[in-house]
Amino acid sequence: MSDLAKQPGHLKKAPENFLSDGQIEAVAAGRRDFLRKSFLAAGAAMAAPLAARAAEQGDPNILNLPEWSTTLGKPVATNPYGMPSKFESQLLRRESPGLARVGGASVSFCPLQGLFGIITPSGLHFERHHQGWQDVDPTKHRLMVNGSDESLLKKPKVYTMDELMRLPPVSRIHFIECGANTGLEWGNVAVPTVQYTHGMLSCSEFTGVPLKTLLEDCGVDYKKARYVLAEGADGSSMTRTIPMEMVESGEVIVAYGQNGEMLRPENGYPLRLVVPGVQGVSWVKWLRRIEVGDKPYATKDEAVHYIDLLPNGLHRQYSSIQECKSVITTPSGGQTLLNKGFFNVSGVAWSGRGKIKQVDVSFDGGINWKTARIEGPVQNKALTRFNVDWVWDGKPAILQSRAIDETGYVQPTYGQLRKVRGTKSIYHNNAIQSWKVVESGEVTNVQVL
Amino acid sequence: MFRFSKSVIARSVAAFALISASTAGFAFDHFKGVGRQATPSEVKAWDIDVRPDFKGLPKGSGNVERGNELFEEKCASCHGSFGESNEVFTPLAGGTTKDDIKTGRVKGLSSGELPQRTTFTKVATISTVWDYIYRAMPWTAPKSLKPDDVYAILAYLLNLQEIVPGDFTLSDKNIGEVQKLLPNRNGMTTDHGMWPGAPAKKGGIGNGGIPDVKNTACMKNCKTEVQIGSTLPDYARTAHGELADQNRNFGPVRGTRTLGAEAAKPAAAANPALELATKNGCMACHGVNNKIVGPGYNEVVARYKDQPDAEGKLTAKVKAGGQGVWGSIPMPPNGHLKDEEIKTLVQWIMAGAK
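Colleague: Would you take a moment to explain the packing of aromatic side chains for this structure?
Modeller: Within a pair of aromatic rings, the relevant descriptors are the distance that separates the centres and the angle that separates the planes. Evaluated as defined, the whole model comprises 13 aromatic pairs over all chains. Where Phe-363 of chain A meets Trp-390 of chain A, the ring centres are 5.2 Å apart and the plane angle is 10 degrees; that geometry is what we call stacked. Of this pair, Phe-363 of chain A sits in the loop between β18 (356-362) and β19 (370-371) while Trp-390 of chain A sits in strand β21 (residues 384-392), placing them 27 residues apart in sequence. For the pair formed by Phe-363 of chain A and Trp-390 of chain A, the shared burial category is buried. Ring centres of Tyr-297 of chain B and Trp-348 of chain B lie 5.7 Å apart, and the angle between their planes is 70 degrees; this geometry places the pair in the edge-to-face category. With a gap of 51 residues between them, Tyr-297 of chain B in helix α15 (residues 297-304) and Trp-348 of chain B in helix α17 (residues 339-350) connect regions that are remote in the sequence. Given the relative accessible area of 4%, Tyr-297 of chain B is considered buried. Trp-348 of chain B sits in the buried class, given a relative accessible area of 8%. An aromatic cluster is defined as three or more aromatic residues linked by ring pairs; in this entry it consists of Phe-343, Phe-363, Trp-390 and Trp-392 of chain A. Positioned above the aromatic ring of Trp-369 of chain A, the side-chain terminus of Arg-402 of chain A is 4.2 Å from the ring centre. The side chain of Arg-303 of chain B reaches across the aromatic face of Trp-326 of chain B, ending 4.0 Å from its centre.

Below, the structure is given as structure tokens:
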């Protein structure tokens, strides 16, 4: 176990013990600024003795006032569009070397290991593009609504952004998860951290017009038109089939807003479809067209990809719902606990079938479970944050979380999932995730059957 | 989902009743001044989807020979001359047998003998491939193919797959016959609970939301032993870069140092040229010291280092794409980059790509 917890803010007596070798290494690793600041503040030439003396009297960070307490700060609007602190350079969207073929048809994962609450900062929202991303000019963007034939819709229409943004909007918080999230792990442990195991997951407040409003404005015939095709304006012109039942329920949104501002280009600016509870590929970005039809479409991303291979060689087609799932984000794979003692174990749970009802956490690999606190209000088909107290005794432990949704469905184990679906189906892996903690405090990814 | 489909049905019956009672303007044309009728030409320009029943399929035809030419010219650089692909791009052809064509089930999918799943080992609907090539390929110049080009290329791919003979001409007239020969045409099932609409028995898809696994919420002494199925392989621990740098350096935990203090020191000087090359796909086809699809940058330097006009020539070549200097595989055009960016990239390559 590292002694890090005894260090920042904690006092040490003797000058020579001010920082142990191990601590120096640890500080160099993670806390370069701490070392530099305390020495700088003490004056370069006299650095070592002064720092040592300061350490005897107390924390130099308290005894020597930092520059932010003794100087004038920066004026308003220095950054007209505010950016995170310069100290927040670690949590970034990242690619996985095992996956990336070519950047235009790849994934960047969301750094779940450092996020709080349920809303994903827009700049950290995961990306999955099939043919690169575009920055579409909103003044030239159009949404067309038409029917696969004329009898399904009275009047095919074209809407500009000006017009869409005049219509009565709704704002709702929903998760979006790629169907292939955790897909790298179907057969065995493959990646080290929650960013790569679960990071094709984000959650935002989306604002837009219910698709139902537009279809009814065009005079849809619900009796005949039971399917909707959504199509993007980018090079891939991504298409997916969506059931009319979902549209009629009012939950499918033609969205332009994300977390209070416009969508980011990587997330489909200026218009994307929001299909709550359904895998991300259906949330067509740069949405240019909606077609209503009387049959499903078997598009490339529902006939060649996003189909789940079963052990008998059949593929499941039109498997769209993201079933109930959860993961502990702190502590998680690739992290090291600072010390024995108290920790708040925290994670997120979500279900494509509705609200999260309960999350249980195990510290012994699933023998015993304890119900976690859920941070409300719990939203429908949205990330739900859970927290649970834990006092780590320094012994090995295996942490797991298990979510239950309002339909009563309980998140399955790897053993249960593989028994039905084998190990090659790529998509829809919602198994219980396990993180193993060893004596050194290091947390690693393991699979418990 | 089964749960709300009942109420939905009730609602659509209500809606239907309203419409059939011709209550004028049931939310139809409700928003004055918002939206206008699409013209037939507009709908034609964008409505390019082709369904499994071939609704939307444009008329036309193309033969295997023409398809072979077009594929070499427009597709082979990424997918390989025989659709076998390279490590980077999706393999299109291969992996099926004559027997599969008879049964409509690709045997390799269940026996585990397939080294990789190509497009034709999976796809059950020929319309899917037609639709996708027409809307999205070639990758760097989507929507540049004419319907006849797509018929020809698809004929070539079907011939590679030994579904049609070398003298075959594919057309809107006979594509339905070809559908009956697709090796995995019987390979899909919709018997699952993951379709969020009406179930098959109500004219929709699937079993109405019934899950395929059933865990229970046991709380105490749920099992006697913890069986570990798999742990993180060593190579995977370090394959994702320095994990210490992927976590905050304060808070309840630290990122585990996976590459050692040494690796952390030369805080990887930002390399904008490499970033630009990676971002724009150059690195998918070129290694710094090795050939991938195109030559290694070291080979490019070796060939051009004594030519004073190399920079101009190479800049033009990268922009326009082309073939013949290094072999028959063409480089796709890179029109999506600014001239300045291409110049930066070429200068960086000629300076050793460091």
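Anyway, onward from the coordinates.
Colleague: Which parts of the structure should I look at to understand the state of the cysteines?
Modeller: The bond known as a disulfide is covalent and runs between the sulfur atoms of two cysteines. Residue and element names in this part refer to chain B. Counted according to the given criterion, the structure contains one disulfide over all chains. For Cys-218, the disulfide goes to Cys-222, at an S-S distance of 2.1 Å. One quick way to see it: the torsion about the S-S bond of Cys-218 and Cys-222 is about -100 degrees, and its sign makes the bridge left-handed. Residue classification places Cys-218 among the partly exposed positions, given a relative accessible area of 27%. With a relative accessible area of 28%, Cys-222 lands in the partly exposed category.

Cut-offs applied
Residues numbered from 1 in each chain as written. Chains lettered and ligands numbered in written order. Predicted model: local features only at pLDDT ≥ 70, side-chain atom pairs only at ≥ 80, totals over all residues. Heavy atoms only, no water. Phe/Tyr/Trp six-rings, centres within 6.5 Å; stacked < 30°, edge-to-face > 60°. Helix = DSSP H or I, 4+ residues; strand = E, 2+ residues; numbered from the N terminus. Buried < 20%, exposed > 50% of the residue type's maximum accessible area, 1.4 Å probe, protein only. Lys NZ or Arg CZ within 6 Å of the ring centre and 35° of its normal. Disulfide = S-S within 2.5 Å.

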